[in-house]
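Here's the letter readout for the chains.
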Amino acid sequence: MRNCTPTPLLAALVIAGIALLSSCGSVKHAEMLMLQDVQNKLAAIDTMPALKIQADDILSIQVSSRTAEVVNAFEMQAKEVKAGSGENALGIADGYRVDESGNIFLPYLGKVKASGKTVLQLRQEINNSLVAFFNDVTVQVRFLNFRVTMIGEVTRPNAYIIPNEHLNLLEAVGMAGDFTPYARRNSVLVIRERNQVREFARINTQSDSLFTSPYFYLRPNDIVYVEPLKAK
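In this text the structure is predicted, and so the values were computed from the model without any measurement.

Engineer: Please give an account of the overall build of the chain that cites residues and values.
Structural biologist: Counting its regular elements, the chain contains four helices and ten strands. Listed by position from the N terminus, the elements making up the chain come as α-β-α-β-β-β-α-β-β-β-α-β-β-β. Expressed as a percentage of the 232 residues in the chain, the buried residues total 37%. The contacts in the chain between residues at least 6 apart in sequence include a share of 62% that link residues at least 24 apart.

Engineer: Could you give an account of helix α3 (residues 119-130), with specific residues and numbers?
Structural biologist: An ideal rise of 1.5 Å per residue puts 16 Å on twelve residues; α3 measures up with 16 Å between its terminal C-alpha atoms. When α3 is considered as a whole, its buried residues turn out to be Val 119, Leu 122, Ile 126 and Leu 130. Each buried residue of α3 sits inside an arc of 65 degrees when the element is viewed along its axis, so together they form one side.

Engineer: Tell me about the environment of Phe 200, and name the residues and values.
Structural biologist: Structurally, the position occupied by Phe 200 is in strand β9 (residues 197-203). Phe 200 sits 15 residues away from Tyr 215 along the chain, and the two C-alpha atoms are 9.7 Å apart. Dropping the residues within four chain positions of it, Phe 200 is found in contact with Leu 189, Val 190 and Ile 191.

Engineer: A description of the nonpolar core should follow, citing residues and the corresponding values.
Structural biologist: Ile 61, Ile 104, Leu 122, Met 150 and Val 224 are the most contacted members of the largest nonpolar core, which has 46 residues in total. Looking at this core, the element that brings in the most residues is α3, giving four residues. Filtering out sequence-adjacent residues up to four positions away, Val 224 remains in contact with Val 148, Thr 149, Met 150, Ile 151, Leu 169, Val 188, Leu 189, Val 190 and Leu 218.

Engineer: So what's going on with the sheet that holds strand β1 (residues 58-64)? Which residues, and what values?
Structural biologist: With respect to topology, three strands assemble into an open sheet ordered β2-β1-β5, the strand pairing being antiparallel. Single-partner strands in this sheet number two, and they are β2 (96-97) and β5 (138-143). Pairing analysis gives six bridges linking β1 to β5, with the strands arranged antiparallel. By the bridge assignment, Ser 60 is partnered in β5 with Arg 142. Packed on one face of the sheet, α3 meets β1 and β5 and runs near 150 degrees to β5.

Calculation notes
- Residues numbered from 1 in each chain as written.
- Predicted model: local features only at pLDDT ≥ 70, side-chain atom pairs only at ≥ 80, totals over all residues.
- Heavy atoms only, no water.
- Helix = DSSP H or I, 4+ residues; strand = E, 2+ residues; numbered from the N terminus.
- Buried < 20%, exposed > 50% of the residue type's maximum accessible area, 1.4 Å probe, protein only.
- Contact = heavy atoms within 4.5 Å.
- Expected span 1.5 Å × (residues − 1).
- Arc of directions from axis to C-beta.
- Core = buried A, V, L, I, M, F, W, Y, C linked by side-chain atoms within 4.5 Å.
- Pairing = 2+ DSSP bridges.
- Axes fitted to C-alpha atoms, helices over the stretch in contact; angles between N-to-C directions.

As structure tokens, then:
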């Protein structure tokens with residue numbers, strides 16, 4: 001009868017192989033933690049820098065007035081801009097696209113320079129200009145193309161439309177369903193394009209230095225890539 005008892009060498013190889021597979025495929029507890037060096041303390045909250053409008057931004061410009069022709073004119077113009085661009089792949093509502101020269105074209109006012117201004121500055125400028133024609137005008141301006149793309153080791157990779165123009169990295173990760181167990185939390189890559197310049201920055205979400213990073217607050221069209229750990 002054949003002896004099926006494993007030899008000491010074979011047993012040692014099997015044990016070594018199991019140990020190797022276990023060590024390579026496991027995720028250490030420390031690798032799954034965030035903000036490990038945060039202690040009890042008070043820290044000033046950095047104000048999010050005001051977003052500046054740039055070419056290709058899409059703006060919602062809403063005008064309220066008791067004069068119906070004013071409201072109708074702005075609504076019709078926004079719809080014509082949308083129809084002419086032929087886009088709505090991102091679910092963008094009627095809006096005004098900032099052209100390559102940084103301008104938008106509005107009823108009664110014609111060409112208005114928008115790039116380089118905040119939405120508050122543009123709102124005040126449009127409001128002040130329309131008051132010359134109508135006394136009871138109220139203007140609201142906001143971004144319609146504030147989109148952040150989350151890819152890599154997050155639960156729900158996707159492109160997300162942000163309605164309030166205010167989003168930080170932790171909120172974005174939560175919106176995407178949190179990191180997966182295999183996410184590399186100490187080197188999250190943020191890719192940013194503004195004013196024809198592409199920037200790359202890595203952020204350590206395991207450190208409280210996250211809160212002082214200029215990339216803590218996300219900007220329109222930012223891409224956040226979360227790399228996998230070597231264990232995966």
